[in-house]
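Residue strings, one per chain:
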Amino acid sequence: MEGKASVVMMGLGYIGLPTAALIAQNKTHVHGVDINPEVVETINKGKIHIIEPELDNAVAAAVSEGYLKAAITPVEANTYLIVVPTPFKDKNEPDISFVEAATKAILPLLKKGDLYIIESTSPIGTTEKMMDLIYSKRPELKDELFIAYCPERVLPGNVMYELVHNDRVIGGVNEESTERAVEFYANFIKGELHKTNARTAEMCKLVENSSRDVQIAFANELSLICDKAGINVWELINLANKHPRVNILQPGCGVGGHCIAVDPYFIVADYPMESQIIGKAREINNYKSFWCAEKVKTAKLEFELKNGRKPGIALMGLAFKPNIDDLRESPAKYIVQKVLQDANNEEYYIVEPNIKSHRVFKLTDYKEAAKKADIIVFLVKHKEFIELDINGESKKILDFAGIKNV
Ligand SMILES: NC(=O)c1ccc[n+]([C@@H]2O[C@H](COP(=O)([O-])OP(=O)(O)OC[C@H]3O[C@@H](n4cnc5c(N)ncnc54)[C@H](O)[C@@H]3O)[C@@H](O)[C@H]2O)c1
């Protein structure tokens, strides 16, 4: 395998591993790199460390056929893909240190004619920054590499399909780079490949998620108004959406995940004066989670006043959206944490049907939790919860997920 790799994939997480498996399925040798030795070990056994339908078979086949191998260090290849995390720091500023570290790791391996692509969601100008970094350390390669940005827009849970069928936006630092990157992706992508420049491609990804965030913020704002006005927000939105040109999204207990709750900050951090709506949407969606936690606290005090005893409270869901095991930036997890901080001898049943255990929370089976609790708080619209038969009219239900409005 050493020396035989055509592609080096830096980062083997939710995006990097499925992409590596897809490229390997096309009989291209992929050398996957991850700094986490457990990830590397798992993949080399033909197994996976994340939940994603069909990924297990794809990885098992790619590894057993010899097209995918994982390691903690890169080897020489023709194409290098950077698919490492881009979280944000304390002050909601983007952290591109992982992209930088991954780029530095491949720096000594680069040679004339190689293709370098960043897929990690990145602030505007990151690709040019990495180009400058590469050429400052390897001046002999100046203008001899093809450098591009190509964001990923797959939906967790449907990644293996969407990786192939979604349209992609591909932006090079110059036209030749765009062309080379398009040629590369055309080998395994059936969706349309849209050419642009690196900065536009970077911003495109950020705007897609900011647009979703702003629209959800509108629905969440409506939910706050409706709560005060005594109107069922789900019914309201359903009726408003009967208008042929209105399409309001559904409210929830906030906005989470690795993308929508993070990417807008990448714009706000660099353009604070200009991005008023984008920044406000982040505030509203964060406030919605805080508001939900306050509602739970009020419900428990009301219960105690009325019944003269502490309630049992079921907190239903920890994931950032329905039917997945991903808890990153999860508003449900935040709410559970907030509620538990205020715990005062109530019985709590924390439920997440998509994970077996959690290092902080003791998990309870969802049916048992719903049966035992006096107050049931729906935080995520998991399919198990929709099907749940709650018999016990005396139970107080706080439905922040729209479970009863399928
Ligand atoms: N998960 C999604 O649905 C999604 C969708 C679109 C875009 N993205 C973007 O894709 C990028 C990757 O996201 P992800 O969800 O795959 O992240 P992830 O955390 O699941 O995986 C990233 C992997 O990179 C590894 N890593 C960190 N530094 C490294 C380095 N220097 N060299 C090699 N490996 C390194 C980590 O150990 C980890 O396994 C992020 O920028 C994210 O915003 C994610």
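Calculation notes
- Residues numbered from 1 in each chain as written.
- Predicted model: local features only at pLDDT ≥ 70, side-chain atom pairs only at ≥ 80, totals over all residues.
- Heavy atoms only, no water.
- Near = heavy atom within 4 Å.
- Polar contact = N/O pair within 3.5 Å; in protein donor to acceptor, adjacent residues only side chain to side chain.
- Areas by Shrake-Rupley, 256 points an atom, 1.4 Å probe, with all protein chains shown as cover.
- Pairing = 2+ DSSP bridges.
- Helix = DSSP H or I, 4+ residues; strand = E, 2+ residues; numbered from the N terminus.
- Axes fitted to C-alpha atoms, helices over the stretch in contact; angles between N-to-C directions.
- Contact = heavy atoms within 4.5 Å.

A.B. asks: Looking at this structure, how should I read the site of the ligand?
C.D. replies: Neighbouring the ligand are 24 residues, the closest being Tyr14, Ile15, Asp34, Thr86 and Thr121. At a separation of 2.6 Å, an oxygen atom of the ligand approaches a polar side-chain atom of Thr86. One of the side-chain N or O atoms of Arg328 is found 3.4 Å from an oxygen atom in the ligand. In isolation the ligand exposes 830 Å². Once the protein is present, 90% of that is buried.

A.B. asks: Looking at this structure, I do not really get the sheet that holds strand β2 (residues 30-33). What am I missing?
C.D. replies: The mixed open sheet is built from 8 strands, whose spatial order is β3-β2-β1-β4-β5-β6-β7-β8. Strand pairing shows two members of the sheet lacking a second neighbour, β3 (68-71) and β8 (193-197), which therefore form its edges. Between one strand axis and the next, the sheet turns by 25° as a mean value, whatever way the strands run. Lying on the sheet, helix α5 (residues 126-137) is in contact with β5 (115-118) and β6 (146-149); it crosses β6 at an angle near 155°. Taken strand by strand, helix α8 (residues 198-229) contacts β6, β7 (168-172) and β8, and its axis lies near 115° from that of β8.

A.B. asks: Help me out: how do you make sense of the sheet that holds strand β9 (residues 312-316) in this one?
C.D. replies: Pairing between the strands of a sheet is mediated by backbone hydrogen bonds and can be parallel or antiparallel. Taken together, 4 strands build an open sheet; the order of strands is β10-β9-β11-β12 and the sheet is parallel. Looking along the sheet, the strands with just one partner apiece sit at the ends: β10 (347-351) and β12 (396-399). Along the sheet, successive strands turn relative to each other by an average axial angle of 15°, direction set aside. In this sheet, β10 lies alongside β9 in parallel orientation, the contact comprising 5 bridges. From the neighbouring strand, Met316 faces β10, where its bridge partner is Val351. Sheet strands touched by helix α12 (residues 331-341): β9 and β10. Its angle to β10, the strand with the most contacts, is close to 170°.

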